[in-house]
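Residue-level listing of the chains:
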Amino acid sequence: MPRLKDEEIQDKLTRKAVVLEHCSKSRKKEKRKKTKGFSAKQRRKMHLFEIKPEQQKYELFLPLHELWKQYIRDLCNGLRPDAQPQMVQTKLLKADLHGAIVTVTKSKCPSYVGITGIILQEMKHIFKIITKEDKLKVIPKLNNVFSLEVDGFISHIYGSKFQLRASERSAKKFKAKGTIDL
């Protein structure tokens with residue numbers, strides 16, 4: 001740069017903005033990375049959904065059943081004798097059944113009939129039930145009819161029409177149909 005006199009420099013600086021240091025880095029908003037859950041293979045490897053034999057006790061899950069009864073009473077606004085059965089039935093269809101005491105009333109496989117217990121896990125095609133004899137039973141929903149009783153109200157659930165996960169079932173609209181065969 002050619003040498004300028006002090007007056008020329010002063011003249012240039014008085015009417016212009018001078019950038020002393022140029023910052024070329026612009027700050028970008030950092031996006032939060034969404035934490036991914038485990039894959040199905042990882043869950044199986046970690047045994048996340050397996051119930052250990054020492055935890056397979058019916059008495060351990062009775063408080064879960066009491067919580068479930070309270071949940072159903074709150075869901076159905078108190079199960080009064082004058083409540084409409086149709087309304088209670090539709091609420092039970094969409095309700096979460098973890099903790100409910102169910103009985104297999106009809107089945108194509110006669111060995112399933114009469115099994116009563118608390119539902120520990122519900123999956124798309126099966127119920128895992130703990131019986132009073134502290135046995136963990138895996139019962140398929142297909143070709144089975146389950147009954148559950150809440151405060152004197154008995155409801156029958158057809159497993160063949162119930163083959164959904166609990167989260168999917170809560171958003172599904174059930175259509176009233178006639179008789180259902182096993």
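Throughout what follows, the structure given in this document is the object of discussion. Going along each chain's sequence as written, the residues are numbered from 1 onward. At least 70 in pLDDT is required for a residue's local features to be given in this predicted model, at least 80 for side-chain atom pairs to be given and counted, and no such filter applies to totals for whole chains, interfaces and linings, which use all residues. Processing note: side-chain calculations cover all non-hydrogen atoms of the structure and skip hydrogens and water entirely.

Glancing now at the environment of asparagine 77. As for its position among the elements, asparagine 77 is in the loop between helix H3 (62–75) and helix H4 (85–94). Distance in space between the C-alpha atoms of asparagine 77 and valine 88 is 9.6 Å, their sequence separation being eleven residues. Runs of H or I in DSSP of at least four residues are treated as helices and runs of E of at least two as strands, each being numbered from the N terminus.

Next up on the list: the pairing of strand S3 (residues 126–131). Only protein chains enter the accessibility calculation, which uses a 1.4 Å probe; a residue whose area is less than 20% of its type maximum is buried, one above 50% is exposed, and one in between is partly exposed. For S3, the buried fraction is high: five of the six residues fall into the buried class. Bridging between strand S2 (residues 116–122) and S3 involves five bridges; their strand directions are antiparallel. Bridged to isoleucine 119 within S3 is isoleucine 129. One ladder, built from five bridges, connects S3 with strand S4 (residues 136–140); its direction is antiparallel. Following the sheet pairing, isoleucine 129 is matched in S4 by lysine 137. One bridge is not enough; two strands pair if DSSP finds at least two bridges between them. Between S3 and S4, which pair antiparallel in sequence order, lie four residues; one of them, aspartate 134, sits at a positive phi of approximately 60 degrees.

As a further point, take H3. Between the first and last residue of a helix there are one fewer steps than residues, each counted as 1.5 Å, and that sum is the expected span. Given a rise of 1.5 Å per residue, 14 residues ought to cover 20 Å, and the 20 Å separating the end C-alpha atoms of H3 matches this to within 8%. Taken together, the buried positions of H3 are His65, Trp68, Lys69 and Ile72. Viewed along the axis of H3, the buried residues span an arc of 100 degrees, placing them on a single side of the element. Opposite the packed face of H3, turned more than 90 degrees from it, sit the exposed residues Leu67 and Asp74. In this analysis, two residues are considered to be in contact whenever any of their non-hydrogen atoms come within 4.5 Å of each other. Close packing links the buried residues of H3 with H4, strand S1 (101–107), S2 and strand S5 (144–150). Two residues or fewer after H3 comes asparagine 77, characterised by a positive phi angle close to 55 degrees. Our arc is simply the arc of the directions from the helix axis toward the C-beta atoms.

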